[in-house]
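Examination of the molecular architecture
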Amino acid sequence: MNWRSMGLALVVVGGISVLAALFLPWSWAGPSTDPPTGPLWAAILALGPVASAALMPLSVRHSPRVPLTAAVAALLAGGLAAVVLLDIPPEHGLGAGGPTAVLGCAAAVTGWLLRIPAGPPGRAPVAVATVFALLAGLGAVPLVHWYAEGRFVRHTTAEALDTALSTFPDRLDRYQWGTPAEPFRLLVGPVVAGRHVILTQGKGVRALDAVTGRPQWSYQRDDVRRDDDLAGVTAVYGGRIIVLSYHFYGGALVVALDTAHGKEIWQRRVRLNPASGLPRLVAGHGVLLLDATYLGGELVALDGFDGTPLWSWDTERRENPCETAGTSLAVAGSVAALVVSCHGRPDADLVIALSVADGRQRWTWRPPARTAGLKLPIRAADDRFWVMYAQTSEAALLDADTGAMTAAHTIPAGDPEPYRLPLISDGVLVYADEPAIGVDLTTGEVRWRLRTAELAGWQPIDAVSHNGTAYLLLAPAGRARSALTLLAIDIATGQVHDRQPYDPGRCGAECFVDADARILMGPGRLVVGSREKGGFWLRGIG
């Protein structure tokens, strides 16, 4: 084998790679200042391809000094490229340019070592070059992965839990477990997936056993600036996969974790318009949707199983585009529907329905003229969408397949807050307000109205359902202060099954903040989060 010829080939490949790195992005979503500056690029090129090209004619004289000089120069060029990589902010991500430049310099160093003439020591130059090439080749992939990902992730895993039976809570006055937690966020709330409760914590999430409250696994990232950069948490495939989305400059990082063990399954970086705002994460029909349309961005669909990009839809495709618009997204069956609300132009408000499979437009719908426009957000109701009118106390349901309007009805509360939207379960819309009302999902007729005495002085702030029973979390209405209350009602009839005060921390009128309190449905447990004397606590009831 002609080692010197092989060395020449490696030097040529290394030089081409360094030149190619000049045209490749060095960061995933950073500005143009992330790649090397002009002086640094000049130094890398001078020590790398230029020096190799200049010294190549001299290397035919079989003098060891020329190859050694060129190898040292290429090594210095690779060092400068590595220094540039270390200066790229972690939130900008790592592009292909830097690793290509460093590996190109490593190939040039290996090639020059192979061109050192074999002297009395025999094949020492070949051996040194072989060891260097093996170290560079074997270490390239793990080093790049560690630099781009591993050094920012703090991740623990756990053994899978036994499947828990989906049963009712036995008693609303029995607290099975409790643990301190961070206050729940309004837009990125907790998720129940099978037997796990997934909570936001810092710049990531942690999983608890919903039955026992024991910690299971956690996932944290240190390459985000603020806790709020965790923009979404959701579950797909029946809760078997938990998906997180992080907002970075110019895009989002989507990470999928195995719910049972907490192991990472896949991750995907998605480029978005830097001006599009915080992308929301919505799951449906095995597809993940990143909604960044609020300020004129786009909607991006990813396969929930492996993160493969499926399609994208941008706001330029919609009818009557507005300079600024608010959007809200929901998924029912295989259809994703967006409410496009044009500020100052309610006549231009509409619902646009897209196929989850390919992003093609299925239908559009505009509200009746007398209602002037739509109010955000939109909700999925089985195979329909629930929408609310902006200037009247009315709502309607739209068929997900056709967009036909059905079951228009008056909203009992007049104008519910966004986080007090109706609970949709078992063919009934439960407006958990004062008074609480059950509306038939098919006809829009009121099925039942909770007796005024049950809610006098109380305001429902959250609700969940399970097998025909709705559980309402009540807080004192107005400025009154007292402990929270749990209410269990029959969804079909509105009959009250159970009513219990909720004050495990014995706060009385001191601790509860309505906006923070939430109620979740776990297997055989109600999971309630609220403020207590020791801070925010999460408790399992059943």
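Check the entry above for the structure.
Note that this is a predicted model, so its numbers are computed, not measured.

Topic: the sheet that holds strand β8 (residues 241-248)
Spatial strand order, β7-β8-β9-β10: four strands in an open sheet with antiparallel pairing. Since the sheet does not close on itself, it has two edges, and those belong to β7 (230-236) and β10 (264-271), each with one partner. Within the sheet, the average angular offset between the axes of one strand and its neighbour, ignoring direction, is 15°. One ladder, built from eight bridges, connects β8 with strand β9 (residues 251-258); its direction is antiparallel. Opposite phenylalanine 248, over in β9, you have glycine 251 as the bridge partner.

A few points about the nonpolar core
Membership of the largest hydrophobic core comes to 21 residues, with the highest contact counts inside it found for Ile198, Val205, Tyr219, Val233, Leu244 and Tyr246. Of all the elements in the fold, those that place two or more residues in this core are β3 (191-193), β5 (204-209), β6 (215-221), β7, β8 and β9. Among the elements that make up this core, the one with the highest residue count is β8 (four residues). Residues in contact with leucine 244, not counting those within four places in the same chain, are Val205, Tyr219, Leu230, Gly232, Val233, Leu253, Val254, Val255, Leu257 and Leu281.

Regarding the packing of helix α2 (residues 38-55) against helix α3 (residues 65-87)
Where α2 contacts α3, the two axes come as close as 9 Å, and the packing angle between them is 160°. With respect to their mutual orientation, α2 and α3 come out roughly antiparallel. Crossing of α2 against α3: the hand is left-handed. Counted together, Leu40, Ala43, Ile44, Leu47, Gly48, Ala51 and Leu55 of α2 and Val66, Thr69, Ala70, Ala73, Ala74, Leu76, Ala77, Leu80, Ala81 and Val84 of α3 form the full contact between these two elements. Class assignment of the residues belonging to the contact of α2 with α3 gives a composition of 15 nonpolar, two polar and no charged.

Quick word on helix α4 (residues 97-114)
Taking 1.5 Å of rise per residue, the 18 residues of α4 would be expected to cover 26 Å, and the 26 Å separating its terminal C-alpha atoms lies within 8% of that figure. Among the 18 residues in α4, 15 count as buried, and that is most of the element.

Remarks on the packing of aromatic side chains
For the structure on display, the rule yields four aromatic pairs. Where phenylalanine 184 meets phenylalanine 536, the ring centres are 5.0 Å apart and the plane angle is 65°; that geometry is what we call edge-to-face. On the criterion of sequence distance, the pair formed by phenylalanine 184 in the loop between β2 (175-180) and β3 and phenylalanine 536 in strand β33 (residues 535-541) is long-range, its members being 352 residues apart. The pair formed by phenylalanine 184 and phenylalanine 536 is uniform in burial state, with each residue classed as buried. A centroid spacing of 6.4 Å and a plane angle of 85° characterise the contact between tyrosine 237 and phenylalanine 305, whose relative ring orientation is edge-to-face.

Definitions and cut-offs
Residues numbered from 1 in each chain as written. Predicted model: local features only at pLDDT ≥ 70, side-chain atom pairs only at ≥ 80, totals over all residues. Heavy atoms only, no water. Pairing = 2+ DSSP bridges. Helix = DSSP H or I, 4+ residues; strand = E, 2+ residues; numbered from the N terminus. Axes fitted to C-alpha atoms, helices over the stretch in contact; angles between N-to-C directions. Core = buried A, V, L, I, M, F, W, Y, C linked by side-chain atoms within 4.5 Å. Buried < 20%, exposed > 50% of the residue type's maximum accessible area, 1.4 Å probe, protein only. Contact = heavy atoms within 4.5 Å. Parallel < 35°, antiparallel > 145°, perpendicular 65-115°, else oblique. Left-handed = near helix turned anticlockwise from the far one by under 90°. Nonpolar A, V, L, I, M, F, W, Y, C, P; charged D, E, K, R; others polar. Expected span 1.5 Å × (residues − 1). Phe/Tyr/Trp six-rings, centres within 6.5 Å; stacked < 30°, edge-to-face > 60°.

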